[in-house]
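Fold and contact review
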Amino acid sequence: MTFATPTNLVPAQGAAALSANSEVPQVASFNVKAGLAQMLKGGVIMDVINVEQALIAEAAGACAVMALERVPADIRKDGGVARMSDPRMIREIINAVSIPVMAKVRIGHFVEAQIIESLGVDYIDESEVLTPADESNHINKHDHKVPFVCGCKNLGEALRRINEGAAMIRTKGEAGTGNVVEAVRHCRTVKAEIRKAQLMDDSELFTYAKEIQAPYHLLKETAKLGRLPVVNFAAGGVATPADAALMMQLGCDGVFVGSGVFKSGDPAKRARAIVQAVTHFNDPKVLAEVSEDLGEAMVGINISEIPKDQLYATRGW
Amino acid sequence: MTQEQQEQKQIRVGVLALQGAFAEHIILLNTLPQVSEAVAVRNAEEISKIDALVIPGGESTTMALIAERSGFWPALQEFVRTHPTWGTCAGLILLSECITSGGTLKGDQKLLGGLGISIKRNAFGTQKESFEAGLHVEGLEDAKRLFPGVFIRAPVIDEILKPEEVEVVAKLEQDYGKTPKGTIVAVKQGHLLGSAFHPELTHDNRMHLFFVRMAQDWIAKHQK
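To start, this report covers the structure provided alongside it. As the structure is a computational prediction, the values presented were derived from the model and not from experiment. Once a new chain begins, its residue numbering starts again from 1 and follows that chain's sequence as written. Lettering of chains starts at A and numbering of ligands starts at 1, both following the order in which they are written. Per-residue local features of the predicted model are confined to residues with pLDDT of at least 70, and side-chain atom pairs are confined, for both listing and counting, to 80 or more; whole-chain, interface and lining totals are unaffected and use all residues. Side-chain numbers come from the whole structure's heavy atoms, not from hydrogens or water.

Focus: the side chain of T202 of chain B
Residue and element names in this part refer to chain B. Strands are runs of DSSP state E lasting at least 2 residues, helices are runs of H or I lasting at least 4, and numbering of each runs from the N terminus. Mapped onto the elements, T202 comes out in the loop between β12 (192-195) and α7 (206-222). Taking relative accessible area as the criterion, T202 reaches 0% and is therefore assigned buried. Under this definition, polar contacts are N or O atom pairs within 3.5 Å; protein pairs additionally need one hydrogen-donor-capable and one acceptor-capable atom, and for neighbouring residues in sequence, both atoms have to be side-chain atoms. Among the polar contacts listed, one links the side chain of T202 to the backbone oxygen of P199, at a separation of 2.9 Å. For every residue, the accessible area (1.4 Å probe, protein chains only) is compared with the maximum for its type, and the residue is labelled buried under 20%, exposed over 50%, or partly exposed between those bounds.

Considering the pattern of salt bridges
Salt bridge criterion: a side-chain nitrogen from Lys or Arg within 4 Å of a carboxyl oxygen from Asp or Glu. Taken as a whole, this structure holds 31 salt bridges over all chains when the rule is applied. The salt bridge partner of K269 of chain A is D293 of chain A, with a shortest N-O separation of 3.8 Å. Taken together, the residues span a long stretch of sequence, with K269 of chain A in helix α12 (residues 267-279) and D293 of chain A in the segment after α13 (284-291) at a distance of 24 residues. The class for D293 of chain A is exposed, based on a relative accessible area of 62%. One salt bridge in this structure joins D142 of chain B and R145 of chain B, with 2.8 Å as the shortest N-O distance. Using a relative accessible area of 46% as the deciding quantity, one classes D142 of chain B as partly exposed.

Quick look at the packing of helix α6 (residues 155-163) of chain A against helix α9 (residues 216-225) of chain A
All names here are of chain A. The N-to-C vectors of α6 and α9 enclose an angle of 115 degrees; their axes lie 10 Å apart at closest approach. In the packing of α6 onto α9, the handedness of the crossing is right-handed. Contacts from L155, L159, I162 and N163 of α6 reach α9 at H217, L218, L219 and T222. Here the residues of the contact of α6 with α9 sort into 5 nonpolar, 3 polar and no charged. Only the stretch in contact is used when a helix axis is fitted, and all axes are lines through C-alpha atoms; the angle between N-to-C directions ranges over 0 to 180 degrees. Put simply, a crossing is left-handed when the front helix is turned counterclockwise from the back one by less than a right angle, and right-handed when it is turned clockwise. In what follows, residue pairs with any heavy atoms lying within 4.5 Å of each other are defined as contacts. Residues were grouped as follows: Ala, Val, Leu, Ile, Met, Phe, Trp, Tyr, Cys and Pro as nonpolar; Asp, Glu, Lys and Arg as charged; and all remaining residues, including Gly, as polar.

Examining the packing of aromatic side chains
To describe a pair of aromatic rings, one takes the distance between the centres and the angle between the planes. Side-chain rings of Phe, Tyr and Trp, where Trp is taken by its six-membered ring, are said to pair if the distance between their centres is within 6.5 Å; with planes under 30 degrees apart they count as stacked, over 60 as edge-to-face, and otherwise as tilted. As enumerated under the stated definition, the model contains 10 aromatic pairs over all chains in all. Relative to F131 of chain B, the ring of F124 of chain B lies with its centre 5.0 Å away and its plane at 75 degrees, an arrangement referred to as edge-to-face. Overall, F124 of chain B belongs to the buried group, its relative accessible area being 13%. Through successive ring pairs, a cluster of aromatic residues spans F124, F131, F147, F151, Y176 and F197 of chain B. Definition used: whenever NZ (Lys) or CZ (Arg) falls within 6 Å of the ring centre and also within 35 degrees of the ring normal, the charge is taken to sit over that ring. Its end group placed over the ring of Y312 of chain A, R76 of chain A keeps NZ or CZ at 4.1 Å from the ring centre.

This is how it looks when you write it as structure tokens:
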């Protein structure tokens, strides 16, 4: 399986890359799949459960919305099996907003993916927040015209997902907690492992690929680029503008906010503030301004209080 | 390159960095010897230090809202009115006078304007319909060689409102879904350039060169 790094994600290395783009018409090429993720960079993708919330998110400046039946905080509270959302709800949201619409399917549930793709969703999230449908295999994402984003806790997991065809990655964090600690852990883990790989020679890379269960060619490409070879967003626990800016300063390309917006006291205001914080992530003055007077943040859960079998980040193989 | 062009001053190009694929533009602009430096622009101070601006692909609603709420909109609009500016995809939408269809926010989307055209947003449909196709672009170097057009949830130019001022730069070479061959996908008007596709998602810097030369010529004429 060959892999083409998204165009200009990093400065081109050598003239060899020059004629990489095809002049022959191509639909759903990896370049346009990864390209949409490149267009989302520097933006905030918000979880919404109905048209009303989607419109609030769009008006706040979200660069995309994730349509789902329950936000992760409620999935966590309600328990039971969490599945893809009602197609009617997704279709209503697609019709209501002009920004891209994403939707979640269960890990390994390729029929949910076929259904969601047929609705005209712009991106599919094969998500650990829903109850996995397959405990060994993820979806073969090359089979789909619509691009996929997948979660990761570490470099090996990210590269396995990219090998399966994911055109975008998000660090998992721990969704529905309003606690950014796991997002930071996963982001730092990926970065540290990339730095480690960059220092290795080829024979060490072969061994490291085995160790982290990553495809060698993707590990080598990652080491060469010095970053994940697709767009990488932060997710899972971002609740404040400062959380969002923290993830950006740690090197993420953008931010998913799940329960953090609509489980807070003033969703529209908080959503606007997080959008500003992602653009101006390096400007503490702006961050102070937008953090002012936001009302109640979502309550938040300490990770140590969550029973081990209910940690979403452990789902995915 | 003509003698005259070689003698022209290098220019400093800013890329609007509120949201979207701004880093990709900066990478390609930095491959051009005509560009002294390509920089990210997020506020009024940064825009005051550049000669020309690129508005990248991304979400046009998002960019407009961020610019407005951070108080940057007036400075941005003034720059676009008076300096060479190129919009790609979302940037093309922001530079157009009006949106014919595909806009939401209940028709409330703010536009910078300047290009006498009306725009159809998401003209080809959803992401599934995104595609790559070769284009002939008027005025490019080595113009016979097709330019790789990358269309991602792309808009098209629905109508030219000021035919005496707006030049067509590129059209679709064949039908795509319901969008017919000949649909306009790039235009030029005075100091403004707009393209529905994403040259920043190619390794071909000819469109960037085209814009930078256009900007140099305009600056030489107007800022003596």
